[in-house]
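A look at the structure
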Amino acid sequence: MESVPSSLAILISFLLFVFTVLKIVRKSSGTNAKTLNLPPSPPKIPILGNLHQLSGDLPFRRLKELAKTYGPFMHLQLGGTTAFAVSSAEYAEQIFKTHGANFVQRPYTLASHVLSYDSTGVASSRYGAYWREVRKVSMLGFLTLKKVQSFHSVREEEMANLVNWIASRAGTPINFTDKIYTITYDFTSRVAFGRIIESQENFIWVVKEMVKYVEGFHYADLFPSISLLHWITGFRFKLERVKRYSDEILESIINEHKKNRKEKKATLEIGKSREEILEHEDVVDILLDAQEERMENDIKLTTDNLKAVVLDMFTGGGETSATTVDWAMVELMRKPHLLKKAQAEVREVFGSKGKVDEAGLNELNFLKMVIKETVRMHPAFPLIPRGNRESCVINGFDIPANSTVFVNVWQVNRDPERWTDPDTFNPERFLDSDLDFKGTDYEFVTFGAGRRICPGMVFGLATVEISLAMMLYHFDWKFPSGTKAEDLLMTEAVGITGRRVDDLYLVPIPYKNV
Ligand code: HEM
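Residues numbered from 1 in each chain as written. Predicted model: local features only at pLDDT ≥ 70, side-chain atom pairs only at ≥ 80, totals over all residues. Heavy atoms only, no water.

**Considering the overall build of the protein chain**
Counting its secondary structure elements, the protein chain contains 20 helices and nine strands. With 514 residues in all, the protein chain has 57% of them scored as buried. In the protein chain, the share of contacts with a sequence separation of at least 24, taken over all contacts with a separation of at least 6, comes to 76%. For the protein chain, the accessible area works out to roughly 22000 Å², and carbon and sulfur atoms hold 54% of it. (Helix = DSSP H or I, 4+ residues; strand = E, 2+ residues; numbered from the N terminus. Buried < 20%, exposed > 50% of the residue type's maximum accessible area, 1.4 Å probe, protein only. Contact = heavy atoms within 4.5 Å. Areas by Shrake-Rupley, 256 points an atom, 1.4 Å probe, with all protein chains shown as cover.)

**As for unusual backbone geometry**
At Tyr-117, a residue that is not glycine, the phi angle is positive and equals roughly 50 degrees. Its place among the elements puts Tyr-117 in the loop between helix H5 (110-115) and helix H6 (129-143). Look at Tyr-117 and you get buried, because its relative accessible area is 6%. A positive phi angle, near 55 degrees, is found at Ser-119, a position not held by glycine. Turning to its location among the elements, Ser-119 is positioned in the loop between H5 and H6.

**Thoughts on the sheet that holds strand S1 (residues 73-78)**
Pairing is mixed in the open sheet, where four strands are placed in the order S1-S2-S7-S4. Every other strand in the sheet has two partners, leaving S1 and strand S4 (383-387) as the edge strands with one partner each. Between one strand and the next, the sheet's axes are offset by a mean angle of 25 degrees, whatever the strand orientation. Pairing analysis gives five bridges linking S4 to strand S7 (residues 404-408), with the strands arranged antiparallel. Residue pairing in the sheet places Arg-386 in a bridge with Val-405 of S7. Against the sheet, helix H3 (residues 59-70) engages S1, strand S2 (81-86), S4 and S7, with an angle of about 125 degrees to S1. In the packing of helix H4 (residues 89-98) onto the sheet, the strands contacted are S1, S2, S4 and S7, and the crossing angle to S7 comes to about 130 degrees. (Pairing = 2+ DSSP bridges. Axes fitted to C-alpha atoms, helices over the stretch in contact; angles between N-to-C directions.)

**Some details on the UniProt feature "binding site: heme" (unreviewed entry) in the protein chain**
Sites flagged by UniProt as "binding site: heme" (unreviewed entry) map to Cys-454. Turning to its location among the elements, Cys-454 is positioned in the loop between helix H19 (409-412) and helix H20 (457-474). (UniProt positions renumbered as here; feature names shortened; annotations may be inferred.)

**Some details on the packing of aromatic side chains**
One pass over the structure, following the stated rule, counts 22 aromatic pairs. Taking the centre distance of 6.0 Å and the plane angle of 65 degrees together, the rings of Phe-151 and Phe-459 count as edge-to-face. One end of the pair, Phe-151, is in the loop between helix H7 (145-150) and helix H8 (152-167); the other, Phe-459, is in helix H20, and 308 residues separate them in sequence. Taken individually, Phe-151 and Phe-459 each receive the classification buried, so the pair is uniform in this respect. Plain terms: the ring middles of Phe-176 and Trp-477 are 5.4 Å apart, the flat faces sit at 85 degrees to each other, and that makes the pair edge-to-face. (Phe/Tyr/Trp six-rings, centres within 6.5 Å; stacked < 30°, edge-to-face > 60°.)

**As for the pattern of salt bridges**
Counted under the stated rule, the structure contains 28 salt bridges. Here Lys-212 makes a salt bridge to Glu-209, at a shortest N to O gap of 3.0 Å. Here Glu-209 and Lys-212 lie together in helix H10 (residues 200-213), a separation of three residues that amounts to about one turn. Among the charged side chains, a network of salt bridges with common partners joins Asp-247, Glu-251, Asp-304 and Lys-307. (Salt bridge = Lys/Arg side-chain N within 4 Å of Asp/Glu carboxyl O.)

**Here's the deal with the nonpolar core**
Ranked by internal contacts, the top residues of the largest apolar core, which has 112 residues, are Phe-176, Phe-193, Phe-203, Val-356, Met-471 and Trp-477. The dominant element in this core, judged by the number of residues it contributes, is helix H16 (residues 303-334), at 14 residues. Setting aside residues no more than four positions away along its own chain, Met-471 makes contact with Met-159, Leu-162, Val-163, Ile-166, Phe-176, Ile-180 and Trp-477. In terms of nonpolar packing, the next biggest core, distinct from the first, is built from 23 residues, Ile-47, Tyr-219, Ile-226 and Leu-383 among them. (Core = buried A, V, L, I, M, F, W, Y, C linked by side-chain atoms within 4.5 Å.)

**Observations regarding helix H9 (residues 176-193)**
In a regular helix each residue adds 1.5 Å, so 18 residues correspond to 26 Å; H9 covers 25 Å between its end C-alpha atoms and thus fits that length. Here H9 lies mainly inside the structure; 14 of its 18 residues are buried. For H9, the side-chain oxygen to backbone nitrogen distance between the N-cap and Thr-177 is 3.2 Å, and the N-cap itself is Asn-175. Following H9 by one or two positions, Gly-194 adopts a phi angle in the positive range, close to 90 degrees. (Expected span 1.5 Å × (residues − 1). Polar contact = N/O pair within 3.5 Å; in protein donor to acceptor, adjacent residues only side chain to side chain.)

**Focus on the site of the ligand**
Surveying the vicinity of the ligand reveals 27 residues, the closest of which are Arg-106, Trp-131, Arg-135, Arg-386 and Cys-454. With respect to the ligand, the side chain of Arg-386 contributes an N or O atom lying 2.6 Å from an oxygen atom. Ala-449 places a main-chain nitrogen or oxygen 3.3 Å from an oxygen atom of the ligand. Elements represented by at least two residues in the shell around the ligand include exactly H6, H16, S4 and H20. Element by element, the count of residues in the shell around the ligand is highest for H16, at five residues. Looking at the shell around the ligand residue by residue, the classes come out as 15 nonpolar, eight polar and four charged. (Near = heavy atom within 4 Å. Nonpolar A, V, L, I, M, F, W, Y, C, P; charged D, E, K, R; others polar.)

**Notes on the environment of Thr-424**
In this structure, Thr-424 sits in the loop between H19 and H20. Distance in space between the C-alpha atoms of Thr-424 and Glu-373 is 9.5 Å, their sequence separation being 51 residues. Those residues within four positions of Thr-424 in sequence are excluded, and the remaining contacts are Lys-335, Glu-373, Arg-376, Met-377 and Arg-429.

**Focus on the side chain of Gln-411**
Positionally, Gln-411 belongs in helix H19. By relative accessible area, which is 10% here, Gln-411 ends up buried. Setting aside anything within four residues of it in sequence, one finds Gln-411 in contact with Lys-64, Ser-87 and Pro-416.

**Remarks on the packing of H16 against H20**
Two quantities define a packed helix pair, namely the angle between the helix axes and the distance between the axes. Packing of H16 against H20 brings their axes to within 9 Å, and their N-to-C directions diverge by 40 degrees. Taken as a pair, H16 and H20 cross one another with a handedness that is right-handed. Taken together, the residues of H20 that come into contact with H16 (itself represented by Met-313, Gly-317, Ser-321, Thr-324, Val-325, Ala-328, Met-329 and Leu-332) are Phe-459, Gly-460, Thr-463, Val-464, Ser-467, Leu-468 and Leu-472. (Left-handed = near helix turned anticlockwise from the far one by under 90°.)

**Thoughts on the confidence of the model for the protein chain**
When pLDDT is averaged along the protein chain, the result is 89; 89% of the residues meet or exceed 70. In the predicted structure, residues 1-15 sits below a pLDDT of 50 and forms 36 contacts with residues beyond four places in sequence or in another chain. When the criterion is pLDDT under 50, residues 18-33 qualifies, and its contacts beyond four places in sequence or with other chains add up to nine contacts. In the predicted complex, the global pTM is 0.91; the interface-specific ipTM is 0.99. (pLDDT = per-residue confidence, 0-100.)

Written as structure tokens, this is what we have:
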């Protein structure tokens, strides 16, 4: 186990580090930490710094507890690295807006270096010309509102398949979580690769493994000067293994696209405008176009760069949306009056049509509030890592250049200074409120904010809305016998995303129109 929250792992690593003590002590004595006015910090122990205080629970939950004593802006020594943790809306605004042009880096992690082809995905790449170009290609190519809307038939089709499958299991328990993740990945695959690939199951497994590793709290990252650690902890071997699997799959997808490219283009190009051609291209096609074209600043996309961006898309598109749908359903099942209200709305809007389609989704005001409340309480990325390019001063505290700041989205979204009863799931709080997650309300930072705000927001929400609307329209739901709402574990699994720790099992009862 290489993730931090285990005291046993800390003890073992402590022994491993003994032979490097002198090296680290010499390094830390060379810093000018004492002369800086750093934010409050929990007491540190030699070598590990504050690492031991993050053990025993998920990092964002531990950070919330520590913030109760040490305040909303904490300095942490995590092994050999300097980090800061933000737990309030006020400080989130400092990072995302006031000092937004400075905190635009993604901190280096070994996992993103290995898995994301030398950190060349949109999410992992260093701020600069390359990042700007790949982000632009992704945004214009497949994440604009128009493009996302153009995928509506794929979304509706995949969801209709799921509805039929669930209807065939009427009255028997199904693993709701598993089905929602699978269908979301199927949909993402069709958008990204043009179809569901043969190795779909393996690829989903690969992504799940990656999500576990990219968290950024691994010893290899926390003691960057001891490269031996990458290998002794076995972390590098695990990363390389997952990378081999993912690379093989990506390579074959790209090769297939290259092979079919000429023929596809020739058919499409007859009498079609550039926009019309784009309409029919999948993500890999669009990236291959970008590879052929000269990008600004003479940036040339390599095939590895292309794979890194496709991986972002697959992880971003699949994992996050499914996590949100799953949590929404859990919360609704725990509050039957909210479930009924959401179902009544969906059935009223779509009753006359007898089916759900994307055209009517805008009328689902209550469902939109349910989704807002779900992403507030259960952000798909509970911690956003950012790095600063230059040293700066925040509210009188010195922040050295190249520090890592973890914005604790999970806690900022529950900041008691800004939210009433923040730990209660209450969609109606948005009834007369303009608060939104679009990047200007710093108490609601589920999608981040500023220059690196999530570019896939529209894409993700479109999937979440249609999935929930279909599930609520076509079925009534109950727990399998023996399961009670109050028994559901309301905590997250280890990893970069905030997916729930357990799968949700439910019994579907078809509504009359299925
Ligand atoms: C419910 C769904 C989603 C949530 C909650 C979410 C959340 C986030 C967050 C918190 C960030 C970091 C933002 C920051 O640093 O300020 C991010 C970045 C990113 N997301 Fe999403 N995301 C979602 C869906 C998607 C989808 C569907 C895609 C792609 C299809 C996507 C692609 C990305 C990419 C490429 C980045 C990196 C942006 C950059 O560093 O410039 N996300 N997302």
